[in-house]
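Listed here are the chains, written in short residue letters.
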Amino acid sequence: MKVIACYSMKGGVGKTATAVNLAYFAAKAGKRTLLIDLDPQGASSFYFRVKPSSKKWGERFFKAYKSLVKNIKASDFENLDVIPAHLSFRNFDSMLSDLKKRENRLKRLLKGFRKEYDLVILDCPPSISFLSESIFTASDVVLVPVIPTTLSERTFDQLVRFFQENKYPLKKIVPFFSMVQAQKSLHKSTMEAMSTRRKVFLKATVPYSSDIEKMGQHKAPVDLFARSTTANDSYRKLWDEISRKHL
């Protein structure tokens, strides 16, 4: 079983759209896939039309594997299950601060899914926190969407420094360019500079697209309502490249 974290320190970069579409294509490819929505906003749960439990259960998330199992929901797609987010997830950091060996808590819990799933995808909230550190430890791949702008470049460099300072393996970080507007000279020049400076960027890129924005309207991955579009093709290529190189 492999674990992919769709992560960014910065919000609004296409992280959740990436998690949803990759989970969909993974399941379509025959991978038994579990998407865990760790963001209390619950956007990826919403896109898959999966409602969270009415009961507040976030305080048990890191304490019992059984709590996770009880909250697994089937999606509308074969091979794809979801653990939907709950608003109580907003307290994860305070919960983790009271636990021993908090960096390993998530990794230990996810081991319980090895016989049931081939792939776990984590949709992560945008922050550097105790939860983030637990995510970095648990994940095989930390997939980072990067908008090709100066501010996003700075944020990505901060993430790399954090990994270096805390001795997380840099090879886990797998960035790709997201929300790309090819007509913008800034996007072009930033992509060229960052790709030259850091050879780890994937070749697949995701464009800025109204079709991706419509995911909320349709409550579905792009493939279901805009199959013959550049946006959908970009997610398909992203999945193909990740599965070929990292799974």
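Look up a bit, the structure's there.
Just so it is clear, the structure is predicted and the values come from calculations on it, not from any experiment.

1. With respect to helix 1 (residues 15–28)
For helix 1, spanning 14 residues, the distance from its first C-alpha to its last is 20 Å, which sits close to the expected 20 Å at 1.5 Å a residue. With respect to burial, helix 1 is a largely interior element, 13 of its 14 residues being buried. Where helix 1 terminates, the next one or two residues include Gly-30, which has phi positive at roughly 95 degrees.

2. A few points about the sheet that holds strand 1 (residues 2–6)
Spatially, seven strands are ordered 3-4-2-5-1-6-7 in an open sheet, and the strand pairing comes out mixed. Strand pairing shows two members of the sheet lacking a second neighbour, strand 3 (73–74) and strand 7 (173–177), which therefore form its edges. One ladder, built from five bridges, connects strand 2 (residues 33–37) with strand 5 (residues 119–123); its direction is parallel. Each residue of the ladder has a partner; that of Asp-37, found in strand 5, is Asp-123. Lying on the sheet, helix 1 is in contact with strand 1, strand 2, strand 4 (80–83), strand 5, strand 6 (141–146) and strand 7; it crosses strand 5 at an angle near 165 degrees.

3. Describing the packing of aromatic side chains
For the coordinates displayed, the defined rule picks out 16 aromatic pairs. Ring centres of Phe-61 and Phe-89 lie 5.4 Å apart, and the angle between their planes is 75 degrees; this geometry places the pair in the edge-to-face category. With a gap of 28 residues between them, Phe-61 in the loop between helix 2 (43–47) and helix 3 (65–70) and Phe-89 in the loop between strand 4 and helix 4 (92–97) connect regions that are remote in the sequence. Between the aromatic rings of Phe-136 and Phe-163, the centroid separation amounts to 4.7 Å while the plane-to-plane angle is 50 degrees, which identifies the pairing as tilted. Of the two residues, Phe-136 sits in helix 6 (residues 130–138) while Phe-163 sits in helix 7 (residues 150–165), which places them 27 residues apart along the sequence. We classify Phe-136 as buried; its relative accessible area is 0%. Residue classification places Phe-163 among the buried residues on the basis of a relative accessible area of 0%. Here a set of aromatic residues connected by ring pairs shows up, and it is made of Tyr-7, Phe-136, Phe-162, Phe-163 and Tyr-168.

4. Concerning the pattern of salt bridges
Pairing between side chains of opposite charge can happen when their charged atoms approach one another. Counting across every chain of the model gives twelve salt bridges. Arg-197 is the salt-bridge partner of Asp-157, the closest N and O atoms lying 3.2 Å from each other. With Asp-157 in helix 7 and Arg-197 in helix 8 (residues 185–197), this pair connects stretches of sequence that are 40 residues apart. With relative accessibility at 14%, the residue Asp-157 sits in the buried group. Put simply, Arg-198 and Asp-157 hold a salt bridge, and the shortest N to O gap is 3.2 Å. You can see Arg-198 sitting in the loop between helix 8 and helix 9 (210–213) and its partner Asp-157 sitting in helix 7, a full 41 residues away along the chain. It is possible to trace a salt-bridge network through shared partners that takes in Lys-28, Asp-223, Arg-227, Asp-233, Arg-236 and Lys-237.

5. Concerning the environment of Thr-150
Position of Thr-150 among the secondary structure elements: in helix 7. Residues Thr-150 and Leu-186, 36 residues apart in the sequence, show an inter-C-alpha distance of 8.6 Å.

6. A look at the packing of helix 7 against helix 8
Each pair of packed helices gets described by two things: the angle between the helix axes and the distance between those axes. Running from N to C, helix 7 and helix 8 cross one another at 20 degrees; their axes reach a closest spacing of 10 Å. Here helix 7 lies roughly parallel to helix 8, going by the angle between them. For the crossing formed where helix 7 meets helix 8, the hand is right-handed. Across from Thr-150, Glu-153, Phe-156 and Asp-157 in helix 7, the residues of helix 8 making contact are Leu-186, Thr-190, Met-194 and Arg-197.

Reading the values: rules and limits
Residues numbered from 1 in each chain as written. Predicted model: local features only at pLDDT ≥ 70, side-chain atom pairs only at ≥ 80, totals over all residues. Heavy atoms only, no water. Helix = DSSP H or I, 4+ residues; strand = E, 2+ residues; numbered from the N terminus. Expected span 1.5 Å × (residues − 1). Buried < 20%, exposed > 50% of the residue type's maximum accessible area, 1.4 Å probe, protein only. Pairing = 2+ DSSP bridges. Contact = heavy atoms within 4.5 Å. Axes fitted to C-alpha atoms, helices over the stretch in contact; angles between N-to-C directions. Phe/Tyr/Trp six-rings, centres within 6.5 Å; stacked < 30°, edge-to-face > 60°. Salt bridge = Lys/Arg side-chain N within 4 Å of Asp/Glu carboxyl O. Parallel < 35°, antiparallel > 145°, perpendicular 65-115°, else oblique. Left-handed = near helix turned anticlockwise from the far one by under 90°.

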